[in-house]
Amino acid sequence: MLEEVERWLTRRSWSSADRPLNRLTDARAADPHRKSVSVVLPALNEEATVGAIVATIRRELMEKVRLVDELVVIDSGSTDATAAVARAAGARVVHRDAILPRIPALPGKGEVLWRSLLVTSGEIVCFVDADLKDFSADFVSGTVGPLLTDPTVQFVKAMYDRPLGDSAGQGGRVTELVARPLLNLHWPQLAGFVQPLGGEYAVRRSLLERLPFPVGYGVELGLLVDALHTVGLDALGQVDVGVRRHRHQDGQALGRMAAAIYRTAQLRLSRGHLVRPALTQFERGEEGFVPRTHAVDTEERPPMREIEEYVERWAA
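We now examine the nonpolar core. Residues Ile-74, Phe-155, Val-174, Leu-190, Leu-221, Leu-236 and Ile-261 are the most contacted members of the largest nonpolar core, which totals 50 residues. Counting residues per element, this core draws most heavily on helix H9 (residues 219–231), which supplies seven residues. Listed in part, the 40 residues of the second largest apolar core include Met-62, Ala-86, Val-144 and Val-153.

Following this line, the structure appears as structure tokens:
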């Protein structure tokens with residue numbers, strides 16, 4: 001891992017417990033306009049989970065304390081009761097196609113996040129996936145916390161354990177197989193992010209409005225890479241919020257996701273990049289996430305017909 005990233009990990013990685021709610025509400029109250037918070041849930045057929053997420057945010061962060069100013073669910077064309085459930089739980093629901101109708105909407109998560117900027121007003125925008133189970137308000141308060149208390153921070157990702165069924169730490173397969181190798185090899189400054197593809201993150205609007213949005217699954221990688229190029233590593237951070245449980249997709253869906261992420265990276269590689277043959281992964285230790293760096297095999301053997309001994313053998 002680059003020394004710069006090691007220093008960043010000690011300075012820009014936190015736990016949600018580092019900033020209690022009273023500290024955040026005091027910081028917000030001191031400058032309510034510049035520190036207003038919008039929470040956006042992109043949702044497509046998530047009637048089973050979206051209501052509990054909305055209800056938790058309203059109860060914990062809008063009624064018990066005043067941390068979140070607006071809570072918006074962007075319906076991406078659901079065919080189930082997602083919109084009705086979200087509305088009943090207390091969210092403002094806006095259909096994707098009702099936003100900027102002169103530009104026909106394209107399918108994809110990034111499209112919804114991009115359009116959400118047109119129907120929200122917070123100076124800080126927090127995105128939360130709508131398929132989370134056992135949702136905690138820490139996903140919101142944890143990620144917006146550094147933005148409320150440190151003016152030099154502009155983009156904060158949530159980090160967490162991601163179990164697959166009963167197996168701890170085995171979720172995030174596209175992260176481990178595609179995104180993490182890409183970032184380590186081409187953008188090693190971003191190797192310190194535990195969950196680079198996570199859908200829970202908070203960003204200052206002033207930064208979001210300067211970034212292009214890939215319309216599909218590549219949006220998280222694209223925003224992270226572009227934020228690095230736009231504001232630099234020290235303006236980025238991550239917060240440990242515990243455990244993330246959600247609906248896992250099948251192998252074919254993961255393959256499509258991987259392809260979109262690879263294509264997003266490919267488009268950005270034309271800007272020039274670093275290549276570093278090392279991969280940093282993370283394990284949870286007694287005091288949080290611990291980085292482990294491994295060399296990546298980069299050597300290749302030439303075609304056998306270029307090996308003299310092979311040529312001689314087949315010539316005999």
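Next comes the rest of the description.
Read across the open sheet, the eight strands follow the order S1-S9-S7-S8-S5-S2-S3-S4; overall the sheet is mixed. The open sheet terminates on both sides in strands that have one partner only, identified here as strand S1 (13–15) and strand S4 (92–95). Here the strands of the sheet are splayed against their neighbours by 25 degrees on average, with no regard to which way each runs. Looking at chain direction, strand S3 (residues 70–75) and S4 are connected through four bridges and run parallel.

With that out of the way, let us pick up the pairing of strand S8 (residues 201–204). Along any regular strand, the residues point their side chains to alternate faces of the sheet. Across the two faces of S8 the burial is the same, with Tyr-201 and Val-203 and Ala-202 and Arg-204 all buried. Two strands pair when backbone bridges link them, and strand S5 (residues 124–127) and S8 are joined in this way by four bridges, in the antiparallel orientation. Counterpart to Cys-126 in the pairing with S8 is Ala-202. One ladder, built from three bridges, connects strand S7 (residues 155–161) with S8; its direction is antiparallel. By the bridge assignment for S8, Phe-155 is matched with Val-203.

Describing two packed helices takes the angle between their axes plus the distance from one axis to the other. Look at helix H3 (residues 50–63) against helix H4 (residues 82–89): their axes get within 8 Å of each other, and the N-to-C directions meet at 20 degrees. Here H3 lies roughly parallel to H4, going by the angle between them. In this structure, H3 meets H4 at a crossing whose hand is right-handed. Between H3 and H4, the residues in contact are Val-50, Gly-51, Val-54, Ala-55 and Arg-58 and Thr-82, Val-85, Ala-86 and Ala-89, respectively. Residues belonging to the contact of H3 with H4 are distributed by class as follows: six nonpolar, two polar and one charged.

A few words on the pattern of salt bridges. Enumeration according to the criterion identifies 21 salt bridges in this entry. The partner of Arg-58 in a salt bridge is Glu-63, and the shortest N-O contact between them spans 3.7 Å. What makes Arg-58 partly exposed here is its relative accessible area of 25%. You can call Glu-63 exposed: its relative accessible area is 53%. The salt bridge involving Glu-111 is made with Arg-115; its shortest N-O contact spans 2.8 Å. Of this pair, Glu-111 and Arg-115 both sit in helix H5 (residues 109–116), four residues apart, which is roughly one turn of that helix. For the pair Glu-111 and Arg-115, a shared accessibility class is recorded, and that class is buried. Overlapping salt bridges, with partners in common, bring together Lys-109, Asp-129, Glu-200, Glu-220 and Arg-244 in one network.

Conventions adopted
- Starting afresh in each chain, residues are numbered from 1 along the sequence in its written order.
- Totals for whole chains, interfaces and linings use all residues, but because this is a predicted model, local features are given only for residues with pLDDT of at least 70 and pairs of side-chain atoms are given and counted only at 80 or more.
- With hydrogens and water excluded, all non-hydrogen atoms of the structure serve as input to the side-chain values.
- We call a set of buried Ala, Val, Leu, Ile, Met, Phe, Trp, Tyr and Cys residues a nonpolar core when their side-chain atoms join them within 4.5 Å.
- For the exposure calls, accessible area comes from a 1.4 Å probe over protein chains only, and a residue counts as buried if that area is under 20% of its type's maximum, exposed if over 50%, partly exposed in between.
- Under the scheme used here, helices are H or I runs from DSSP no shorter than 4 residues and strands are E runs no shorter than 2 residues, and both carry numbers assigned from the N terminus.
- At least two DSSP bridges between two strands are needed for those strands to be called paired.
- Each axis is a line fitted through C-alpha atoms, taken for helices only over the stretch in contact, and angles between the N-to-C directions span 0 to 180 degrees.
- Working definition: roughly parallel below 35 degrees, roughly antiparallel above 145 degrees, roughly perpendicular at 65 to 115 degrees, and oblique for all remaining angles.
- By convention, the crossing between two helices is left-handed when the near helix turns anticlockwise from the far helix through less than a right angle, and right-handed when the turn is clockwise.
- The contact criterion used is simple: two residues touch if any of their non-hydrogen atoms lie within 4.5 Å.
- Charged means Asp, Glu, Lys or Arg here, nonpolar means Ala, Val, Leu, Ile, Met, Phe, Trp, Tyr, Cys or Pro, and polar covers whatever is left, Gly included.
- Definition used for salt bridges: Asp or Glu carboxyl oxygen within 4 Å of a side-chain nitrogen of Lys or Arg.

Worth remembering: the numbers are spatial, not functional.
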